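Residues per chain are reported as follows:
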Amino acid sequence: MVVDASNPSDGASPYDTSSVSQQPSPRQQPHQHLLGASSQAQLGHSQQQNQQQNQQQNQPSHQQPQQSQQQQQRSVKRPRPVKSCTECRKRKLRCDRLCPCSQCQKSNRPCRYAPDQDSANLSDGSDAEGAEPGRPAKRNYSHGTLPALAASYGDAAAPRPAKAGDPNSLPLLEELSIRMERLEKQILVRSPSRAEGGGGGSGSSIVAAAPETIRGLTVKRGATRTRFFGQNDPRVLLNLFDDAKAYIAHNFRQEPFPSFETLHKHLRSELTKSLTPITVFVDSMMPIRKRMTDILPKKAVCDRLIAAYFDTSETQYRILHSPTFLEQYNQYWSGNVQPEQFLPEQFLPQMLSVLAVASRFDTKSRGLGHQERVEGVHIPTACALVRSWLDSLKGKQLVELATLQVEVLLLFAQRMIIQRPQDSWNHLGFVVRMAMSMGLHRDPSEFEPRMTVFQGEIRRRLWFTVLDMDLYMSLASNMPCLTRDGDYSCRPPRNVDDNELFPDMTELPPSRPLDQATDSQMQMYSIMTLPTRMKVAHMINRIDTIRDYQEVLDVGGKLDRFMEDINYIFPRHASLSDAQKSRLWRDRVVLDMHVRRPLLALYRPFAMGVPDAPAQISRAYLRSCMVILNYLDDLDHTLPHFRDVSEMYLQMLRRDVIQASLSVCYFVKPAVRPAADSALLAQHGIRASPSPADDFPAYIPDDLMLWSPSRLIGTVQKTIDLLVGFVRGSDLKDIVCVAVVLETVRRADVRSDEITHNLFGLLDACLRASNMTMDKLHALPLAGGSAANEYPHEAYGHGRMPYVQHGYGMGGHSETTALGGWIMWDGWD
């Protein structure tokens, strides 16, 4: 049986000495309609002759030469039908014989098969033609045997590459065919078609959701000013809720939206004032070191802030060696000598940055009060002074390790107060390139003995801190990472305490097990998960090229197993004190979020917007959203520091909380509609019957429903109340967005008057949280005029007005431009 030249594999290797099955393979059966009756008869005749040929080959060897000559005399060349499409034959490509085939789908060209009577559909050669001398017999494997073959891949009995002069070695052509067969097995097993893998329709080539639901771009001033927004931005998530967008479009000129806009502008102006550096220090002509010294608080305050920094911040991200820093710190405050004579020049900027980071969570004013010297430092002023000092460096100072530590510490301090994660992402790009220019991406052992083992270990810690921060900020801003796994050779640091490392050491201590608590334990766990998380960052930026779910499920499964490991590394102990429980909770949340955030980013384009996504993706995504929204339930709400912990929770996870709230609303929508599909509810993991007492399950099998709609709605409402309690700056936009979406999905019949009534209650709560009244609010002038005049060219999200199709009378341009103003996040910055 001759194999088609355009499809040499034909679903199997062309060299097989096994008998040929009389039944067509499962992949060939659906396409027998492409062959005519005469062609099928010829195919059956050829299979019968091939069976006879194999029987003849099993006869004694002394009869084979004579039978071979007779067979060649009786051989008649018959044209056989070609099953590949015309385009694959023309381009010498492998055709999977679907209609349309995968090759034509990728190239977006029409897929055609030649008619049975067409001479172009016939190939030369005889179906009963004997094998050429010296050519190994053909092998035919059905696709059903490929998984079993893949399981045996790499077996010790597998053929090895032939060596020169080896009498037992296989012929070169057969050896190459075996290698090609292995490669085809791996490709077919690891990349199944969507029809086989349960991904979607066999004729579909797109897996991810629609573009307008996973990305957005604002275009202003004739495309001279644009800004990109990724899939987790609220303005993009809102595209999934048509009812909420329609309500905003129809009511944005009516109360309470104008009052929300006025309150938003007031809160944002107050935040802008608090983020302005103190002029007397920034614009002074005094030396920069004198100005940094002038904003330092007293030693007692500094002692408290330094201890808080090493307790809360120097955990997963390792920047400083605590014994070295504390030695320099004590020497600075000793007063016996001038610090400038014995301390490194970078110490004062390092200490000021550390105090700024600690002031964000350990002071009443959160580092934004102008009288901050009493209890901390003013973060904007400290950041401005440290930036001025860095800009004044020249030459060799730019490539010192202590200078890089100051850059990273400054990045940490700025991200505490920065409004846009893209700004930190831009700064981080400079830091990563600076670290690579200093050689931190190469392992220090490559430069021994010029580099001590102590310095090498500090460099390893700092390099993986920069890598992890690059991944964190890239996911937060929906941008690509600057580095990928394999771009560096630096090995992970060791799981040891800081006091085990000292400058004069000649050999590093052995690394402790990961479940043993050390100063570097959290960073070691983070490094263990880093390659998989970096792979996620690369996948979500090429989401349009994914054609099946197997790769997504494989990476998501790894992330799920990493999150399970947290329970073993940080187990829950009932015998701990309140302070120990709070710290353990903080460590668990930090580690869990660094793994859960990539999982959400990976599953989001499929769980929300793709109706045929696997149930595993939808359930895992919903479960992760609920875990984020219920983090605070693990803490005792009666603890005196619970409010401080809650504020820290929102400060670090605010964008994740908003994304999770909108995502839960998306899963509530099909559960409350009368015509909701029960299969869709099962896929999303929602109970059909309300059960308010439904608790978070400790173990969730795949066939178990998770939460009732009332539980989901109550969780989102609780989150809105928490956001309102700490409202500031531009947060009001996100709060209004989540509230409107929740009101449009919590009932089967959406009533505009009920939504408006509940929004008035939300406005009253926001006024109380911000110490405002309606009289004070109405007395405030709108900064910059009305929303319609302030943003005249903005179209929401993906650059078009999506509300006309709902028939709410959106016929004029004024509604569109006004809608593109405040409520559409145009004033986000």
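Residues numbered from 1 in each chain as written. Predicted model: local features only at pLDDT ≥ 70, side-chain atom pairs only at ≥ 80, totals over all residues. Heavy atoms only, no water.

The chain is annotated in an unreviewed UniProt entry as Zn(2)-C6 fungal-type domain-containing protein of Trichoderma citrinoviride.

**Some points on the pattern of salt bridges**
Applying the stated rule across the entire model yields 32 salt bridges. Note that Glu314 and Arg318 form a salt bridge whose closest N and O atoms lie 3.4 Å from each other. For the pair Glu314 and Arg318, a shared accessibility class is recorded, and that class is buried. Taken together, the salt bridges that share partners define one network made up of Glu743, Arg746, Arg747, Arg751, Asp753 and Glu754. (Salt bridge = Lys/Arg side-chain N within 4 Å of Asp/Glu carboxyl O. Buried < 20%, exposed > 50% of the residue type's maximum accessible area, 1.4 Å probe, protein only.)

**Considering empty space enclosed by the protein**
Tallying each qualifying case throughout the model produces nine cavities of 30 Å³ or more. What the largest cavity holds in volume is close to 590 Å³. Taken together, 27 residues form the lining of the largest cavity, with Gln419, Pro421, Gln651, Arg654 and Arg655 sitting closest to its centre. Looking at the lining of the largest cavity, the element that brings in the most residues is helix α25 (residues 642-672), giving seven residues. (1 Å grid on protein atoms, 1.4 Å probe; cavity = no way out; pocket = protein on both sides within 12 Å on 5 of 7 lines; lining within 4 Å. Points joined across faces, edges and corners; volume = space filled by probe spheres on them. Helix = DSSP H or I, 4+ residues; strand = E, 2+ residues; numbered from the N terminus.)

**Topic: the UniProt feature "domain: Zn(2)-C6 fungal-type" (unreviewed entry) in the chain**
When the UniProt feature table is mapped onto this chain numbering, "domain: Zn(2)-C6 fungal-type" (unreviewed entry) sits at residues 84-113. Along residues 84-113, the helical share is 40% and the strand share 0%, with 7 Å between the first and last C-alpha atoms. (UniProt positions renumbered as here; feature names shortened; annotations may be inferred.)

**Remarks on the packing of aromatic side chains**
Ring pairs (aromatic) are described by centroid distance and by the angle formed between their planes. Using the criterion set out here, one finds 15 aromatic pairs in the structure. Plain terms: the ring middles of Trp463 and Tyr488 are 5.9 Å apart, the flat faces sit at 65 degrees to each other, and that makes the pair edge-to-face. One end of the pair, Trp463, is in helix α20 (residues 453-476); the other, Tyr488, is in the loop between α20 and α21 (521-540), with 25 residues separating them in the sequence. On the basis of relative accessibility, which here comes to 0%, the residue Trp463 falls in the buried class. A centroid spacing of 5.6 Å and a plane angle of 75 degrees characterise the contact between Tyr549 and Phe606, whose relative ring orientation is edge-to-face. Of this pair, Tyr549 sits in the loop between α21 and α22 (550-569) while Phe606 sits in helix α23 (residues 578-607); the two residues are 57 residues apart in sequence, bridging distant segments of the chain. Pair check on accessibility: Tyr549 and Phe606 agree, each one buried. (Phe/Tyr/Trp six-rings, centres within 6.5 Å; stacked < 30°, edge-to-face > 60°.)

**Focus on the confidence of the model for the chain**
Interpretation of this model should avoid reading the predicted coordinates in detail wherever pLDDT is low. In the predicted model, the chain carries a mean pLDDT of 74, and the fraction of residues at 70 or more is 68%. For residues 1-47, every residue scores under 50 in pLDDT, and the model assigns this stretch 97 contacts once sequence neighbours within four places are set aside. Below a pLDDT of 50 lies the segment residues 688-705, which in the model reaches 28 contacts outside its immediate sequence neighbourhood of four places, other chains included. (pLDDT = per-residue confidence, 0-100. Contact = heavy atoms within 4.5 Å.)

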